[in-house]
Each structure stands twice: as structure tokens, then as C-alpha cells.
Amino acid sequence: MVQPFRSESDSSPSGAPVARQAWLMLALATVGFAVNFWAWALLSPLGPRFKDSLDLSSFEQSLLVAVPVVVGSMGRIPVGALTDRFGGRVMLPIVSATTIVPVLYLGLAGHSSLPALLVGGFFLGIGGTAFAVGVPFVNAWFPPERRGLAIGVFGAGMGGTALSALTTVKLVDANSMATPFLITAAVLAAYAVAAALLLRDAPGRTVPTEPLARRLAATARLGITWQASALYAVAFGGYVAFSVYLPTYLKTGYGLTQADAANRMAGFVILAVAMRPVGGWLSDRLGPVRLLAGSLAVVVAGAVVQSFTPPLAAVGTIAFLAMAAALGAGSGATFALVALLTPASQVGSVTGVVGAAGGLGGFLPPLVMGSLYGEYGTYAAGLALLAVVAAAALTYTLTGVRSAVRGDERTPPLAHPNGMSGSGSLQA
């Protein structure tokens, strides 16, 4: 069951001022998240090009763009737990610097064969773990009544995928295959140095002393871990799936050029990114359960419409943009729930597990879509399946999650060893 742990500062008014340094740390963390996500998404816009140049099957192309997703997702579990222990000041520069290695490998040598690309893509997944560093880092700097907005703003760093979509193909066409990878590596290096010099962990940050395995076991016992994981697998997983597979879908299903498909994918990503902080902000005011229910309902409707492959002009575009807005807002709402209900010393660990679920939610759909298209020559079944999954998540939100939150609202405040108490004021 969800346990609404909150700090003693909950009693402060929602308009209480936040330290200027907190906003600076939020900005630095968001930039780092965007830069690492830029690197994480480098292979996606080039998927159609590799398909043609290396004569890949639909499944092989889907596997190529999905491998960094699953590695980055699973890697969030240990990285989140390590962030609880060592702090974002240490972990974010390390993740950024480590990601430089696979970026350079792919740009200089690892793009000539599918095995080489898969090896590079595997280690490129390290960039995706930056999310599990930034959430607990930002969470510690803000009071509970501001965390929905703060985590939503940080989550907008997922717009790094849009940067990749807008620039990667153009840079390759104008220069060489190595160009976007070399530029990204240089930006990662500059950020790693700046982060090492400027980042500071929040004063009074709770540092766990228990062994990693014990902390992960304690995380697994929290109800919020699995409830948020289920919701994030659909909300953020849907965003990731579209961000990596939409160029292929538009090129194959609608006959668009690679550049046009990449630009449209960038529009999808930008809207989803813009809606993520909006989702966090609305969650602070309306309650994340209500916002999640509305977002999932929109995803169901959009997926049903698109499963009929309507004309892209007007109907198809509206369906995709509606899903982009809903998935972005739903992702923000999910982590508003996590930020409000998770004990301070376990935010990184919970974020790691939930983030992994979201990434895995984005790993499977491209493989399913590629396999179904290869078998039936249509994407209708894959989109219908998305509608079914989103409908199941909507039902779970309105029943299990809402019931758990309301049950905790009726529970008396609980003392917590970290000086936190449950207020039960979260709206369902």
C-alpha cells in the first residue's frame, strides 16, 4: 500500500519560497539529463539508414534501437541505489563521462556492422541511467509541495531525444557518420567537467548506511515502487517507444522521407517534453491519480484511432499529438506520486526501479511492432495492443492505486526514522 511520507515542511504554505540554489541545481541537473538522453537516442534517427545500408530485417532494426533502451532502463536500478548512497554530485559527472566511451566508439568504428552497433548500443545505455541520478538529487532540494513541478521540470530533459532527432540525420548528411557522435561526446565532456565543479547535494541529505542489497530489498517492499512502476511502464514506456520507433513507422506506414519522419518524431517528443512539467504542476494541485486517469484515457482513444491508419493530415497528426501530450503529462504525474510518497532515503532506489520499468515499457513495443509488421504488413495490431494496455492501466489507476491512496488518507500520521511523517493530504 502507498505510504504518504512527507517532511515536516509539509505544514508550510504551497507558496513558500525555494532557495535560489535549489533552482540552479535543478537547471544543472536538467541540462545533464538532456545531454545524456541526447547521447542515449543517437541510434534511433539512424535506424532506417542502417536498415538500408546493412540490409537489416524489421526485427533487427527494432532490436538495434531498443538495446540502449533496455540497458539504460535496467542500469537505473543500481545507479539509483548508488545515488542514494553517494549523491548526485558524484554520480551525474561519472555517468556523463562514462557515456563518452560508447559514443566515440559508435562514431569512429562501431557503425559498420550489426554486431558492432549492438555492442555500442549496449554501452550507450549508460546515458539512460542519468534519470535515476537526477530525480533523487532534485527531490532533496525541494519541499514536498513543490516536488511535482521540480521533478516535472527535470523530466523535461528527456527532450534530449528531440535534439538527437532534429540534428543527427542532418549532421550525417552534411558531414559524415562520425559528426553527430563527436559533437555529442564533446558536449558530454564539457558537462561532466561543469557538473563536477558546480553540482552540490542538498544540505541535510539523508545518506543511507545499510548495504545495497538490503536497501533494494526494502525498496521492493514499498507499495509505491510497484504501483508507480506499472503506471510508468505505460506512460514513459509509450513515450520512449514512439521516440525510437516513430521514424520507422512513418517511413514505412506513410511513405515519408527519413528527414520528414525524423522531424515529425521531434515534434512528438517536444510536445511530450513540454507536457511533463505541466503534468507535475497539475499533480501538485489536482492530485496525480486524477491526472493519470485523464492522460491514460487520452492514450486509449488516440491508439484506437491510429490503429485504423487514418490519413496523416489532420486525423493521424491529431491522434499522435494527443498521445504525446498525454504520455508526457502522465509521466510527470507518475513521478509526482513517487516524489510525494517515497521516504527521502529511498527516492533513488525507488526511482531506479520505476525508471527501469518505464524504459522496459519502451523496449518491448518496437520489437512487437517490428515483428507484427513483418508478419502481417500492418501496424494496426500493435496500436490496438497499446490501446488495450493503456485501458488496463487506466482501470488499475481508478481502482488499485486510488484505493491505496485513499486508504492511506484515512491512516493516522506515521512516525518515520528520518524525521518524516505521513500527512495523508494527497488528493486522489
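It should be noted that the structure appears before, not after, this text.
(A) View of the overall build of the protein. Within the protein one finds 16 helices and two strands. Residue burial in the protein is summarised as follows: out of 428 residues, 58% are buried. Accessible surface for the protein amounts to roughly 15,500 Å². Of this, 68% is attributable to carbon and sulfur atoms.

(B) Looking closely at helix α10 (residues 212-220). Within the span of α10, buried status applies to R215, A218 and T219. What you see down the axis of α10 is that its buried residues fit within an arc of 105°, all on one side. Where α10 is buried, its residues meet α3 (58-86), α11 (223-254) and α15 (347-376).

(C) Structural view of the side chain of R76. Considering the arrangement of structural elements, one finds R76 in helix α3. No salt bridge is formed by the buried R76; its nearest oppositely charged neighbour, D84, is found at 14 Å.

(D) Layout of helix α4 (residues 88-108). The end-to-end C-alpha distance of α4, which contains 21 residues, comes to 30 Å, matching closely the 30 Å that a straight helix rising 1.5 Å per residue would cover. Those residues of α4 that are buried are in contact with α1 (20-40), α3, α5 (114-124), α6 (130-141) and α9 (179-198).

(E) Summary view of the packing of helix α8 (residues 160-174) against α9. Relative orientation of the contacting elements α8 and α9 amounts to 125°, with a least axis distance of 8 Å. Relative to α9, the element α8 is oriented oblique. Each of T168, L171 and V172 in α8 lies in contact with α9, whose residues at this interface are T179, P180 and I183. Among the residues making up the contact of α8 with α9, the classes are represented as four nonpolar, two polar and no charged.

(F) Summary view of the nonpolar core. Grouped together as the largest cluster of nonpolar side chains are 92 residues, with contacts concentrated most on V138, Y239 and Y249. Per-element tally for this core: the top contributor is α11, with 14 residues. With sequence-adjacent residues up to four places away left out, Y249 is seen in contact with Y254, Q306, F320, M369, Y379 and L383. Within the second largest apolar cluster, 21 residues are counted, among which are V35, L106, V169 and F181.

(G) Region of the structure containing the packing of α3 against α5. At their nearest, the axes of α3 and α5 sit 7 Å apart, and the two run at 25° to each other. Judged on the interaxial angle alone, α5 and α3 are roughly parallel. In this structure, the crossing between α3 and α5 has a hand that is right-handed. On α5, the residues that touch E60, L63, L64, V67, P68 and V71 of α3 are L114, L117, L118, G121, F122 and L124. By residue class, the composition of the contact of α3 with α5 is 10 nonpolar, one polar and one charged.

(H) Quick look at a nonpolar patch on the surface. On the surface, a nonpolar cluster with roughly 410 Å² of combined accessible area is contributed by L364, V368, L385, V388 and V389. Listing elements by their share of the nonpolar patch, those giving two or more residues are α15 and α16 (380-409). Within the secondary structure layout, V389 lies in helix α16. Residue classification places V389 among the partly exposed residues on the basis of a relative accessible area of 41%.

(I) Spotlight on the packing of aromatic side chains. Inspection of the entire model under this criterion finds 20 aromatic pairs. Ring plane angle 75° and centroid distance 5.1 Å describe the contact between F122 and F123, whose orientation is recorded as edge-to-face. The ring centre of F86 lies 5.2 Å from the NZ or CZ of R85, which sits over that ring.

(J) Representation of the pattern of salt bridges in the model. Overall, the coordinates contain two salt bridges when judged by the stated rule. The salt bridge involving D173 is made with R49; its shortest N-O contact spans 2.5 Å. Separated by 124 residues along the polypeptide, D173 in helix α8 and R49 in helix α2 (residues 47-53) bring together distant segments of the chain. For D173, a relative accessible area of 52% translates into the label exposed. Take R49: its relative accessible area is 24%, and that puts it in the partly exposed class. Put simply, R264 and D260 hold a salt bridge, and the shortest N to O gap is 3.3 Å. In this pair, R264 and D260 both sit in helix α12 (residues 258-286), four residues apart, roughly one turn of the helix.

About the thresholds
- Residues numbered from 1 in each chain as written.
- Predicted model: local features only at pLDDT ≥ 70, side-chain atom pairs only at ≥ 80, totals over all residues.
- Heavy atoms only, no water.
- Helix = DSSP H or I, 4+ residues; strand = E, 2+ residues; numbered from the N terminus.
- Buried < 20%, exposed > 50% of the residue type's maximum accessible area, 1.4 Å probe, protein only.
- Areas by Shrake-Rupley, 256 points an atom, 1.4 Å probe, with all protein chains shown as cover.
- Arc of directions from axis to C-beta.
- Contact = heavy atoms within 4.5 Å.
- Lys, Arg positive; Asp, Glu negative; His and termini not counted.
- Salt bridge = Lys/Arg side-chain N within 4 Å of Asp/Glu carboxyl O.
- Expected span 1.5 Å × (residues − 1).
- Axes fitted to C-alpha atoms, helices over the stretch in contact; angles between N-to-C directions.
- Parallel < 35°, antiparallel > 145°, perpendicular 65-115°, else oblique.
- Nonpolar A, V, L, I, M, F, W, Y, C, P; charged D, E, K, R; others polar.
- Core = buried A, V, L, I, M, F, W, Y, C linked by side-chain atoms within 4.5 Å.
- Left-handed = near helix turned anticlockwise from the far one by under 90°.
- Patch = residues over 30% accessible without salt bridge, like charges linked within 9 Å, V, L, I, M, F, W, Y side chains within 5 Å.
- Phe/Tyr/Trp six-rings, centres within 6.5 Å; stacked < 30°, edge-to-face > 60°.
- Lys NZ or Arg CZ within 6 Å of the ring centre and 35° of its normal.

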